[in-house]
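Coordinates in review
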Amino acid sequence: MSGHDCSIRHVIIRGRVQGVAYRAFVAHEAVKRGIEGWVRNRADGSVEALFFAPPGAIAEMIALCHAGPRLARVDKIDQRDGTDAEMKLRRSGELFSVLPTV
């Protein structure tokens, strides 16, 4: 994906989002759309993700995050601009990574 028309968006998804295949859902939907980045659980029960894509694709991905997989309940999504340093957390050679819990 060419970087000049892309942005990085960091999101934290709160609600019933752990133990419901939420990370797998996010990774699958991102890869299907060619979105780069990563997703991981957080110790506080939320899920954190970083998306690198054109703004329209990121907006679509965030809308999917609001819906989530069938058993999830999303209460709130906090979002901000992501950074290149955060993007480097992705595993080498992967388009989209599922990272360990922090």
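My aim in this report is to walk through the structure given alongside it, one point at a time. (Residues numbered from 1 in each chain as written. Predicted model: local features only at pLDDT ≥ 70, side-chain atom pairs only at ≥ 80, totals over all residues. Heavy atoms only, no water.)

**Considerations on the sheet that holds strand E3 (residues 47-53)**
Spatially, E4-E1-E3-E2-E5 is the arrangement adopted by the five strands of the open sheet, whose pairing is mixed. Sheet topology places strand E4 (73-81) and strand E5 (96-98) at the edges, where each strand pairs with a single neighbour. Strand-to-strand twist of the sheet, defined as the mean angle between neighbouring strand axes without regard to direction, takes the value 15 degrees. Taken together, the three bridges between strand E2 (residues 36-41) and E5 define a ladder with parallel strand orientation. By the bridge assignment, Trp38 is partnered in E5 with Ser97. Along the sheet, helix H1 (residues 22-32) makes contact with strand E1 (7-16), E2, E3, E4 and E5, crossing E5 at roughly 170 degrees. Together, E1, E3 and E4 form the strand contacts of helix H2 (residues 55-67), whose direction differs from that of E3 by roughly 155 degrees. (Pairing = 2+ DSSP bridges. Helix = DSSP H or I, 4+ residues; strand = E, 2+ residues; numbered from the N terminus. Axes fitted to C-alpha atoms, helices over the stretch in contact; angles between N-to-C directions. Contact = heavy atoms within 4.5 Å.)

Limitation: the analysis is restricted to geometry and does not speak to function.
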